[in-house]
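Report on the structure
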Amino acid sequence: MQQANIPKVIIIGAGPGGLALYHALIKNKDKKEFDVKIFERESSPKERWQGYHIALNSLGTQSLLNCVPSSITSNLQKAMPNPLPDVEFHGASIIDNKGSVLCNIPSKLFKDFNELVKVPDEFSLIITYRDRLRDVLLDGVPVHWGKKCIRYEETKDGVLVMFDDGSQEFCDILVGADGINSPVRKQRLPELQIFDYGITNVVANIAVPKHFMDRFIKLQGNCLLQKTLGTHGDSSLVIFRLIPIEQEPDYKNKSNSNELHYRVTLSYSYTSKLDDVESDKQKVDDNDSASVIENVKQMIRNFVPECEFNEILLELWDLVPKSTPNDPEKYQYKTYNPTRRGQYHDIDPSSVKPWTSSRVTLLGDAVHAMNPVLGLGTNHAFQDADLLSKVLINYSSNDPISCIQKYENEMRKRSTVDVLKSRSAALQMSSPVGHIGAIIRNSSFKIINFILNSKNIFKKLIQ
Ligand SMILES: Cc1cc2nc3c(=O)[nH]c(=O)nc-3n(C[C@H](O)[C@H](O)[C@H](O)COP(=O)(O)OP(=O)(O)OC[C@H]3O[C@@H](n4cnc5c(N)ncnc54)[C@H](O)[C@@H]3O)c2cc1C
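Residues numbered from 1 in each chain as written. Predicted model: local features only at pLDDT ≥ 70, side-chain atom pairs only at ≥ 80, totals over all residues.

The chain has the name 3336_t:CDS:1 in an unreviewed UniProt entry, where Funneliformis geosporum is given as its organism.

Focus: the overall build of the chain
When you go through the chain residue by residue, the secondary structure sums to 15 helices and 16 strands. Pairs at least 24 apart in sequence give 76% of the contacts found in the chain among residues at least 6 apart. (Helix = DSSP H or I, 4+ residues; strand = E, 2+ residues; numbered from the N terminus. Contact = placed C-beta atoms within 7 Å.)

A closer look at the sheet that holds strand β13 (residues 235-241)
An order of β5-β4-β12-β13-β14-β11-β15 is seen for the seven strands of this open sheet, with the pairing classed as mixed. Sheet topology places β5 (101-104) and β15 (341-346) at the edges, where each strand pairs with a single neighbour. Averaged over all pairs of adjacent strands, the angle between their axes in this sheet comes to 25°, without regard to strand direction. (Pairing = 2+ DSSP bridges. Axes fitted to C-alpha atoms, helices over the stretch in contact; angles between N-to-C directions.)

Describing the pairing of strand β6 (residues 125-129)
With five of its five residues buried, β6 lies for the most part within the structure. Burial along β6 is two-sided: Leu125, Ile127 and Tyr129 and Ile126 and Thr128, pointing in opposite directions, are all buried. With five bridges joining them, strand β3 (residues 53-57) and β6 adopt antiparallel strand pairing. Paired with Ile54 across the two strands is Thr128, which belongs to β6. (Buried ≥ 20, exposed ≤ 12 C-beta atoms within 10 Å, placed from the backbone.)

Focus: the site of the ligand
Near the ligand you find 30 residues, and of these Gly13, Gly15, Gly179, Gly364 and Gly377 are the closest. Those elements giving two or more residues to the shell around the ligand turn out to be α2 (16-27), β3, α12 (365-368) and α13 (377-391). Counting residues per element, the shell around the ligand draws most heavily on α13, which supplies four residues. Residue composition of the shell around the ligand, by class: 14 nonpolar, 10 polar and six charged. (Near = placed C-beta within 6 Å. Nonpolar A, V, L, I, M, F, W, Y, C, P; charged D, E, K, R; others polar.)

What about the pairing of β13?
β13 sits mainly inside the fold: seven of its seven residues count as buried. Side chains Ser235, Leu237, Ile239 and Arg241 project from β13 onto one buried face, and the interleaved Ser236, Val238 and Phe240 project onto a second face that is buried too. Here strand β12 (residues 223-229) runs beside β13; their pairing, made up of five bridges, is antiparallel. Its bridge partner lying in β13, Leu225 is registered against Ile239. Counted along the chain from β12 to the antiparallel partner β13, the turn is five residues long, and its residue Gly233 has a positive phi close to 85°. With seven bridges connecting them, β13 and strand β14 (residues 261-271) associate as antiparallel partners. By the bridge assignment, Ser236 is partnered in β14 with Tyr268.

Considering helix α11 (residues 308-318)
Those residues of α11 lying buried are Phe309, Leu313, Leu316 and Trp317. End-on view of α11: buried residues confined to an arc of 100°, all on one side of the axis. Tucked inside the fold, the buried residues of α11 contact β11 (195-209), α8 (210-220), β13, β14 and α10 (289-303). (Arc of directions from axis to C-beta.)

Re the nonpolar core
Nonpolar side chains in soluble globular proteins tend to be buried together. The biggest cluster of nonpolar side chains holds 113 residues, and the ones touching the most others in it are Ile11, Ala20, Leu21, Leu174 and Leu363. Composition of this core by domain shows at least three residues from each of domain 1 (1-45 + 143-194 + 348-432) and domain 2 (47-138 + 196-346 + 439-463). Excluding residues within four positions of it along the chain, Ile11 makes contact with Gly18, Leu21, Tyr22, Val36, Ile38, Val175 and Ala177. (Core = buried A, V, L, I, M, F, W, Y, C linked by C-beta atoms within 7 Å. Domains from an automatic or database assignment.)

Quick look at the environment of Phe123
Here Phe123 lies in the loop between α5 (113-116) and β6. What makes Phe123 partly exposed here is the crowd of 16 C-beta atoms within 10 Å. Sequence spacing of Phe123 and Gly91 is 32 residues, and the spatial spacing of their C-alpha atoms is 7.8 Å. Each residue touching Phe123, except ones within four places of it in the same chain, is listed here: Ile105, Pro106 and Ser107.

Topic: the sheet that holds strand β7 (residues 149-154)
Picture the strands of a sheet paired through backbone hydrogen bonds; they go either parallel or antiparallel. The sheet built from three strands is open, its strands ordered β7-β8-β9 with antiparallel pairing. Since the sheet does not close on itself, it has two edges, and those belong to β7 and β9 (168-171), each with one partner. Neighbouring strand axes in the sheet, compared pairwise and without regard to direction, differ in orientation by 20° on average. With four bridges joining them, strand β8 (residues 159-163) and β9 adopt antiparallel strand pairing. Bridge pairing in β9 links Met162 to Gln168.

Digging into the packing of α2 against helix α6 (residues 130-138)
Look at α2 against α6: their axes get within 10 Å of each other, and the N-to-C directions meet at 30°. With respect to their mutual orientation, α2 and α6 come out roughly parallel. In this structure, the crossing between α2 and α6 has a hand that is left-handed. Taking contact as the criterion, the partners of Pro16, Leu19 and Ala20 in α2 are, on α6, Leu133, Arg134, Leu137 and Leu138. For the contact of α2 with α6, a count of residues per class yields six nonpolar, no polar and one charged. (Parallel < 35°, antiparallel > 145°, perpendicular 65-115°, else oblique. Left-handed = near helix turned anticlockwise from the far one by under 90°.)

Things to note about the environment of Phe34
Looking at the element boundaries, Phe34 is found in the loop between α2 and β2 (35-39). Between the C-alpha atoms of Phe34 and Pro7, which are 27 residues apart in sequence, the distance is 5.3 Å. When residues no more than four places from it in sequence are discounted, the contact partners of Phe34 are Ile6, Pro7, Lys8, Val9 and Leu25.

Section: unusual backbone geometry
Look at Asp86: it is not a glycine, yet its phi comes out positive at around 65°. Summarising the element assignment, Asp86 is placed in the loop between α4 (70-73) and β4 (89-95). Asp86 gets classed as exposed once you count the C-beta atoms within 10 Å, which come to 8.

What to know about the packing of helix α3 (residues 58-67) against α13
Viewed as axis vectors pointing N to C, α3 and α13 meet at an angle of 40°, and their least axial separation amounts to 8 Å. If you check the angle between α3 and α13, you find them oblique. Relative to α13, α3 is oriented so that their crossing is left-handed. On the side of α3, the interface is formed by Leu59, Gly60, Ser63, Leu64, Asn66 and Cys67, while α13 contributes Thr378, Asn379, Phe382, Gln383, Ala385, Asp386 and Ser389. Its residues placed into classes, the contact of α3 with α13 shows five nonpolar, seven polar and one charged.

Quick look at the structure:
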């Protein structure tokens, strides 16, 4: 009898946002109890290779800690290892296409993620292991795998959710945490469309031998996120962590050498129009990673001057596996993704009129996907989960909508700022600037660097 009075929440999607919300609703049980169910279209946690690195900032990390119980917090170390003192610097730098630093984003040093959350700036970040973060967040969550939501029917009493296997579930609140192509959003807010930038992005994850990364670090420093700006609308990104891969559980040294390897994410982006120009010379097939990698290398050769930094960049792309490993479990870095071309997209919730809230709401990429240039998407998904779980404490069956409305008003306002900030950064970085334009742009970054960092020095002096 009592069970019947407990309102039911259904979450569609077991990505970082959906999982954080699940934990938060269970964590708040003593304040407001919900019967929470989470459904995921993938057949198991291993169906898809997860990404390698994501950067979390202070706000995202704080929200994540607010959402999860202490049993998960104590495991977060596995996904967010402490920076190695004097070796790893969790910051970002912007460099020109010869490898010279234009701007060091003034990030603060911290010893662990608990200290990061006390840093009150928007620049400091921790590079985390995306694959492990998902594993840690899955712990203790009874995900219903292999359940693809196809549509729902909302009435004044609740929401009937339908899955592609013909099954149905009834709930009081439905949360679409089902990513950028969310079927829940497409039905709930069909007018809220995906924005296509016309920018192509290729991402690869690799294990890099220590002697190789030593060369890179000697040249470029130990800033863990380095963005290179080209002049043809091309840019490169290198993200790495100096946590030796051998420290990962179950690692077996396949190369029979004692050399340590490090985790590295490489990304190359360019205006998609360049593919049309290049297509005469290079046939690119997204089902053939070797052709995608060769295309990236060809563009780097065409667009950047010869120098040691660019040689290293090309050698890094040479290390990217050309085909899918046979056994994901035995694969040394476990998070291989076929190297394909992808597109930059986003969703700006303020591009449509504020909608009337209902029992069906959205969270994370489903409602405000952001391009990855500023690394903010997961941070917002965690902030959504934190906020939604807090407003749901005031849920009442007589008025189920007011709390959702409060969540949506705040979420829309907060996320749209960063969607547009990320959009503007990506469009600027991918605009061809030419030789003179590059001089102007690089000088502007140097001035920004001076202002940002002298402000920091000044702050330190007066502290
Ligand atoms: C290359 C790249 C780099 C990035 N780097 C960063 C970074 O450094 N920092 C950062 O904060 N963010 C980063 N992001 C963004 C980040 O990945 C997303 O913002 C984040 O994953 C959003 O989480 P989510 O839970 O909202 O959605 P998702 O992670 O997309 O999860 C959605 C889940 O829903 C499931 N699903 C989809 N449809 C259905 C359905 N019909 N039924 C059931 N389940 C369904 C999916 O299988 C998936 O598991 C990056 C993104 C990319 C592409």
